[in-house]
Amino acid sequence: DVKVTQSSRYLVKRTGEKVFLECVQDMDHENMFWYRQDPGLGLRLIYFSYDVKMKEKGDIPEGYSVSREKKERFSLILESASTNQTSMYLCASSLQGNLNTEAFFGQGTRLTVV
Amino acid sequence: AQSVTQPDIHITVSEGASLELRCNYSYGATPYLFWYVQSPGQGLQLLLKYFSGDTLVQGIKGFEAEFKRSQSSFNLRKPSVHWSDAAEYFCAVGEYGGATNKLIFGTGTLLAVQP
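Summary of the structure given here. (Residues numbered from 1 in each chain as written. Chains lettered and ligands numbered in written order. Predicted model: local features only at pLDDT ≥ 70, side-chain atom pairs only at ≥ 80, totals over all residues. Heavy atoms only, no water.)

What follows deals with the overall build of chain A. Scanning chain A from N- to C-terminus turns up zero helices and 11 strands. Each helix (α) and strand (β) of chain A, taken in turn from the N terminus, gives the series β-β-β-β-β-β-β-β-β-β-β. For 114 residues, the compact-globule estimate of 2.2 N^0.38 gives 13 Å, and chain A sits close to it at 13 Å. Principal-axis analysis of the C-alpha atoms gives chain A an extent of 40 × 30 × 25 Å. Counting every position in chain A, which comprises 114 residues, the buried fraction comes to 50%. In chain A, the proportion of contacts linking residues at least 24 apart, taken out of those at least 6 apart, comes to 55%. (Helix = DSSP H or I, 4+ residues; strand = E, 2+ residues; numbered from the N terminus. Rg over C-alpha atoms; globule rule 2.2 N^0.38 Å. Buried < 20%, exposed > 50% of the residue type's maximum accessible area, 1.4 Å probe, protein only. Contact = heavy atoms within 4.5 Å.)

Okay, here's the thing in structure tokens:
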């Protein structure tokens, strides 16, 4: 069974903290993605990666960075957490190439910044 | 850039009634379209996808969707809704952005099912 695993389901962090969200996939996919999900706004792409150490900004990269040191792992980093980053974060992975390729999602991490 | 519009934020249907969730896309060529479902507290699961061929696509859990180029639509349907279908539904389109392929999502439609 294919799997995308996010390390935490729920996180509570303080304003100003550095926060790491971890994601691991076991499907040998080249692409990995971080989305943010907010009510009424759907899923918005923060960053994505198409290879080890390669990354690209999505639609809302401000306040975030990412790291991909190994093919199976993609980390989202909040350099200095703020209350407006309270949200659900979803990691996904997919094969590279065709536009009909589906993405597989993790369970999500609900982050609360206080 | 492509975009996806889901005009209905929230829909309530009675159990056993039929369902249609709307999705409109903007894209010049033939789009690659997807429907995902998110059950409460879960990640997203693919229901079905379309990229060519028969414009009526069958998916899992009894869902189907019809691609209509003339209306730029890809509406999701189910003939008889079950209480377990209560979830949020997302329409998405595939596009090339930067160095690779990615999905662009709509804002979602939250489905409530009344007994």
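Residue and element names in this part refer to chain B. If you look at the biggest cluster of nonpolar residues, it comprises 27 residues, and the most contacted ones within it are Leu19, Trp35, Leu47, Leu48, Phe74, Leu76 and Tyr89. Counting only elements with at least two residues in this core, the list comes to β2 (10-14), β3 (19-21), β5 (32-38), β6 (44-50), β8 (64-68), β9 (73-78), β10 (87-97) and β12 (109-114). With four residues, β10 is the largest single contributor of residues to this core. Setting aside residues up to four positions removed in sequence, Leu48 forms contacts with Leu33, Phe34, Trp35, Val57, Gln58, Gly59, Phe63, Glu64, Ala65, Phe74 and Leu76. (Core = buried A, V, L, I, M, F, W, Y, C linked by side-chain atoms within 4.5 Å.)

Another aspect to go through is the packing of aromatic side chains. By the definition in use, this model includes 15 aromatic pairs over all chains. On the numbers, 5.4 Å between centres and 90° between planes, the contact of Tyr35 of chain A with Phe105 of chain B is edge-to-face. Of the two residues, Tyr35 of chain A is situated in strand β4 (residues 31-38) and Phe105 of chain B in strand β11 (residues 100-105); the pairing between them involves two chains. Take Tyr35 of chain A: its relative accessible area is 2%, and that puts it in the buried class. Phe105 of chain B sits in the buried class, given a relative accessible area of 8%. (Phe/Tyr/Trp six-rings, centres within 6.5 Å; stacked < 30°, edge-to-face > 60°.)

Residues and elements named next belong to chain B. With three bridges joining them, strand β7 (residues 56-58) and β8 adopt antiparallel strand pairing. Among the inter-strand pairings, Leu56 is bridged to a residue of β8, identified as Glu66. The turn joining β7 and β8, which pair antiparallel and follow one another in sequence, is formed by five residues; a positive phi near 60° is taken by Lys61. Connecting β8 to the next strand, β9, in antiparallel fashion are four residues, including Ser72 with a positive phi near 50°. (Pairing = 2+ DSSP bridges.)

Here we take up unusual backbone geometry. What you tend to see is this: most non-glycine residues have negative phi, and most peptide bonds are trans. Even without a glycine there, the phi angle at Lys53 of chain A is positive, about 65°. Topologically, Lys53 of chain A is positioned in the loop between β5 (42-51) and β6 (54-57). Here the phi dihedral of Lys61 of chain B falls at roughly 60°; this positive angle occurs in a residue that is not glycine. With respect to the helices and strands, Lys61 of chain B occurs in the loop between β7 and β8. Residue Lys61 of chain B is classed as partly exposed on the basis of its relative accessible area, which comes to 45%.

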